[in-house]
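Here is how the chains run, residue by residue.
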Amino acid sequence: MPIDPNDLYRLRRRPPSEKQLDTGFHWLTVLTASTVAIVLVLILAIVFHGSLESMGLYGWRFLVTSNWNPVDDEYGALTAIYGTMVTSLVSLLIAVPLGVGTAIFITERFIPRPLREMIGLMVELLAAIPSVVLGLWAIFVLEPALRPFLTWLHFTFKDIPLFSTQPLGPGMTPAILVLVVMILPIITAISRDSLNQVPIRLRQAAYGVGSTQWSAILHVILPASISGIVGGVMLALGRAMGETMAVTMIIGNSNNFSWSLLAPGNTIAAMLANQFGEADGSQVSSLMYAAFVLILLTLVVNILAQLIVKRLSLKY
Amino acid sequence: MNSTITQASRPIPDLRYKPTRSRNVFGIALTSIAGLFSLVAVLPLFLVLSYVLYKGASKLSLDLFFLEQPAPGLEVGGISNAIQGSIIVTLIASLLAIPIGIGGGVFLAEYSRNGWFAQFIRFGTNVLSGVPSIIAGVFIYSAIVSTRILFGHAYSAVAGGMALAVLMLPTVIKTTDEGLKLVPDDLRRAALGVGASRFVTTIRITLPKASRSIATGIVLSIARAAGETAPLIFTALYSPWWAEGIFNPVGSLSVLIFKFATMPYEVQNELAWAASFVLVAFILGLNLVARWINTFTSR
């Protein structure tokens with residue numbers, strides 16, 4: 001049983017000046033550590049306080065109506081909430097197979113190690129590109145390149161509500177693709193870490209009973225690392241819901257509700273970035289209300305992610 | 001004798017690899033899919049970087065770094081106001097977040113590894129790192145900007161730095177915590193053995209020992225902060241001129257890119273690309289520095 005240094009310090013007799021310095025330093029670190037808690041509580045309290053007026057005026061109606069009209073002072077955030085959920089979930093749907101597939105490809109021995117490390121490095125660097133630069137790229141490169149394909153989608157699947165509008169530039173689909181680019185590195189990095197943590201005994205046992213590389217991956221290695229992967233996916237979902245700049249620049253910032261993925265839309269974060277600086281009156285409060293909804297969504301997702309990693313982790 | 005005869009009479013199983021077996025076909029198919037996915041995953045990096053390089057590098061000139069941005073309609077100008085503002089805001093954020101973060105990390109790793117308060121702070125750190133960056137902006141706007149708490153100033157570089165600090169703080173705490181946990185307890189006992197106090201042990205022994213992994217985390221968090229836009233839009237706001245002090249609005253590269261990207265003028269769009277090039281070069285440079293520091297640690 002190793003001795004805790006904490007107890008050792010208590011055993012020694014020390015001059016009072018040293019004791020005071022130590023106590024002072026201890027309390028200083030406690031204070032700095034508490035900053036985290038203070039900031040978190042302040043964020044929640046300030047945003048909640050700011051949204052009280054709008055909550056009183058619109059109540060639950062705010063969440064299910066899509067009329068965002070500063071002229072008539074009538075606010076409903078359905079468009080932004082729908083946009084937030086749809087863009088983050090659809091981007092997750094695309095990014096999860098890509099990210100987990102990439103993670104498998106660079107942790108299992110398909111290609112030589114230097115090549116694997118290079119792919120890993122490149123994915124990490126992708127995460128370092130600022131979102132505003134991705135937004136710029138999306139405006140000038142991605143969206144024009146994508147439009148012919150989206151137009152084709154529209155004319156082929158006109159009857160499905162998701163493709164019912166003609167793409168006219170910025171819209172939800174380019175925003176979704178930019179989000180994929182942004183959350184892909186998170187999913188890949190976390191999946192890679194959890195795949196690497198699977199003990200070698202499990203692999204050896206799988207190969208020992210005659211499984212191929214892929215049946216070992218699918219039936220042994222992936223199930224063993226699933227908690228980490230799901231945790232990573234949840235973190236990525238939180239990031240996607242809160243992502244602001246790239247989405248603001250490419251989603252079109254329209255407050256007219258539309259089911260269509262090809263139409264311009266809005267997300268809570270994008271709406272805040274666009275309107276918060278110039279808002280006044282109950283628009284500020286309504287934006288705060290929307291911000292509060294966003295905080296709650298990301299909080300729930302992040303806390304779930306932490307719980308999943310903690311509770312679901314398999315005991316090998 | 002008998003057994004060797006029966007073994008020989010049994011047909012020898014064919015152990016060669018047969019690519020047409022269904023399990024092998026399945027394996028090859030999945031391998032190709034995974035390989036394809038990896039290609040798709042690294043493709044955006046090349047697409048974005050090459051385009052930023054192509055559009056931005058051609059605009060590089062001394063004017064870019066030394067002139068203020070052009071007035072609307074004019075051709076000649078640079079992005080020096082934004083570069084200067086970015087440096088100021090990132091510096092303020094670092095000055096706030098690094099000491100507080102290291103202090104918090106020291107508390108978690110040195111004083112209370114598993115106490116309830118430490119667990120709570122660790123949980124809070126994870127939650128805070130998941131808070132969307134725009135919320136940090138909204139928070140600082142409501143707490144600092146709209147209340148004019150900073151000596152009557154509203155939008156200011158300090159407010160922008162505070163918003164960025166909120167985002168940097170969790171990373172600094174986490175890397176300090178993890179870096180310190182890797183320092184062997186033997187060192188702490190040895191320091192105690194020669195009569196060092198807790199404070200001296202932490203400052204002279206454990207922190208220097210963990211300095212490289214902490215430095216890696218700090219450099220990465222600075223890189224992230226330098227590229228953030230959302231927290232700055234309504235805290236540091238923007239200024240088309242050189243900064244007039246830290247209690248006034250300042251420009252920043254990221255907000256410049258955001259503003260200029262959507263302007264209908266060619267000159268401004270070109271400057272947005274040039275600013276992207278400068279920003280991406282700076283951030284990727286910092287990332288490589290962090291990686292370089294990190295290789296020292298693992299050695």
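The rules behind each value
- Residues numbered from 1 in each chain as written.
- Chains lettered and ligands numbered in written order.
- Predicted model: local features only at pLDDT ≥ 70, side-chain atom pairs only at ≥ 80, totals over all residues.
- Helix = DSSP H or I, 4+ residues; strand = E, 2+ residues; numbered from the N terminus.
- Rg over C-alpha atoms; globule rule 2.2 N^0.38 Å.
- Contact = placed C-beta atoms within 7 Å.
- Buried ≥ 20, exposed ≤ 12 C-beta atoms within 10 Å, placed from the backbone.
- Nonpolar A, V, L, I, M, F, W, Y, C, P; charged D, E, K, R; others polar.
- Expected span 1.5 Å × (residues − 1).
- Arc of directions from axis to C-beta.
- pLDDT = per-residue confidence, 0-100.
- Core = buried A, V, L, I, M, F, W, Y, C linked by C-beta atoms within 7 Å.
- Axes fitted to C-alpha atoms, helices over the stretch in contact; angles between N-to-C directions.
- Parallel < 35°, antiparallel > 145°, perpendicular 65-115°, else oblique.
- Left-handed = near helix turned anticlockwise from the far one by under 90°.

Caption draft 1: Region of interest: the overall build of chain B. A tally of regular secondary structure across chain B gives 11 helices and zero strands. The linear arrangement of helices and strands in chain B, starting from the amino end, is α-α-α-α-α-α-α-α-α-α-α. What you see for chain B is a C-alpha radius of gyration of 27 Å, clearly larger than the 19 Å of a compact globule of 299 residues, by over 25%. Principal axes of the C-alpha set define a box for chain B whose edges measure 100 × 65 × 35 Å. Relative to all contacts within chain B whose residues are 6 or more apart in sequence, the contacts with residues 24 or more apart total 73%.

Caption draft 2: Molecular detail of the overall build of chain A. Helices and strands together make up the secondary structure of chain A, namely 12 helices and zero strands. When its helices and strands are written in sequence order, chain A yields α-α-α-α-α-α-α-α-α-α-α-α. Computed over its C-alpha atoms, the radius of gyration of chain A comes to 25 Å, more than 25% above the 20 Å expected for a compact globule of 316 residues. Overall, chain A is about 70 × 65 × 35 Å in size when its C-alpha atoms are taken along their principal axes. For chain A, buried positions account for 47% of its 316 residues.

Caption draft 3: Summary view of the interface of chain A and chain B. Between chain A and chain B, the residue contacts involve 74 residues of the former and 70 residues of the latter. Looking at the side of chain A that touches chain B element by element, the count peaks at 20 residues for helix 2 (residues 16–58) of chain A. Residue composition of the side of chain A that touches chain B, by class: 53 nonpolar, 18 polar and three charged.

Caption draft 4: Focus on the environment of Pro208(B). All names here are of chain B. Within the secondary structure, Pro-208 sits in helix 9 (residues 198–227). Taking the C-beta count within 10 Å as the criterion, Pro-208 has 12 such neighbours and is therefore assigned exposed. Taking the C-alpha atoms as reference, Pro-208 lies 40 Å from Ser-50; in sequence the two are 158 residues apart.

Caption draft 5: Examining helix 10 (residues 253–261) of chain B more closely. Counting buried positions along helix 10 of chain B yields eight of nine residues, so the element is predominantly enclosed. Taken together, the buried positions of helix 10 of chain B are Leu253(B), Ser254(B), Val255(B), Leu256(B), Ile257(B), Phe258(B), Phe260(B) and Ala261(B).

Caption draft 6: Just helix 5 (residues 113–128) of chain A, in detail. Here helix 5 of chain A is 16 residues long and its end C-alpha atoms lie 23 Å apart, about the 22 Å a rise of 1.5 Å per residue gives. If you check which residues of helix 5 of chain A are buried, you get Ile119(A), Gly120(A), Val123(A) and Leu126(A). Along the long axis of helix 5 of chain A, the arc covered by the buried residues comes to 115 degrees, so they all point the same way. Exposed side of helix 5 of chain A, more than 90 degrees from the buried face: Arg113(A), Pro114(A) and Glu117(A) are the residues found there. On the buried face of helix 5 of chain A, the contacting elements are helix 4 (78–107) and helix 7 (172–196) of chain A together with helix 2 (22–57) of chain B.

Caption draft 7: Representation of the confidence of the model for chain B in the model. Averaged over chain B, the pLDDT score is 86; the fraction of residues at 70 or greater is 96%. For this predicted complex, the interface score ipTM comes out at 0.88, alongside a pTM of 0.89.

Caption draft 8: View of the nonpolar core. In this structure, Val178(A), Leu272(A), Ala291(A), Ile257(B) and Ala275(B) are the most contacted members of the largest nonpolar core, which totals 176 residues. Sequence-distant contacts of Ala291(A), defined by excluding residues within four places in its chain, comprise Val47(A), Ile268(A), Leu272(A), Ile135(B) and Val138(B).

Caption draft 9: Just the confidence of the model for chain A, in detail. In the predicted model, chain A carries a mean pLDDT of 87, and 94% of its residues have values of at least 70. Confidence scores differ between elements of chain A, with helix 1 (residues 5–11) of chain A showing the lowest mean pLDDT of 63 and helix 4 of chain A the highest of 93.

Caption draft 10: Up close: the environment of Ile83(B). Within the fold, Ile83(B) resides in helix 4 (residues 80–111). Between the alpha carbons of Ile83(B) and Glu68(B) there is a distance of 9.7 Å; along the sequence they are 15 residues apart.

Caption draft 11: Structural view of unusual backbone geometry. A positive phi angle is found at Asn253(A), which is not glycine, with a value near 50 degrees. In this fold, Asn253(A) is placed in the loop between helix 10 (245–251) and helix 11 (268–275).

Caption draft 12: Expanded view of the packing of helix 7 of chain A against helix 9 (residues 213–242) of chain A. All names here are of chain A. Look at helix 7 against helix 9: their axes get within 8 Å of each other, and the N-to-C directions meet at 150 degrees. As summarised for this structure, helix 7 and helix 9 are arranged roughly antiparallel, according to the angle between their axes. Crossing of helix 7 against helix 9: the hand is right-handed. Residues Leu-179, Ile-183, Ile-186, Ile-187, Ile-190, Ser-191, Asp-193, Ser-194 and Leu-195 of helix 7 lie in contact with helix 9, whose contacting residues are Ile-221, Ser-225, Gly-228, Ile-229, Gly-231, Gly-232, Val-233, Leu-235, Ala-236, Arg-239 and Ala-240. Its residues assigned to classes, the contact of helix 7 with helix 9 comprises 12 nonpolar, six polar and two charged.

Caption draft 13: Highlighting the packing of helix 11 of chain A against helix 12 (residues 282–311) of chain A. Residues and elements named next belong to chain A. Where helix 11 contacts helix 12, the axes come no closer than 9 Å and their chain directions differ by 150 degrees. Looking at the two axes, helix 11 sits roughly antiparallel to helix 12. Between helix 11 and helix 12 the crossing geometry is left-handed. Facing helix 11, whose interface residues are Ile-268, Ala-269, Met-271, Leu-272 and Gln-275, helix 12 presents Gln-283, Leu-287, Ala-290, Ala-291, Val-293 and Leu-294. Here the contact of helix 11 with helix 12 is composed, by residue class, of nine nonpolar, two polar and no charged.

Caption draft 14: Broad picture of the environment of Lys209(B). Residues and elements named next belong to chain B. Position of Lys-209 among the secondary structure elements: in helix 9. By C-beta crowding, Lys-209 is classed as partly exposed, having 17 other C-beta atoms within 10 Å. Each C-alpha atom, one on Lys-209 and one on Ala-71, is 51 Å from the other, the two residues being 138 residues apart in sequence. Once residues lying within four places of it in the same chain are set aside, the contact partners of Lys-209 are Val-183 and Leu-187.

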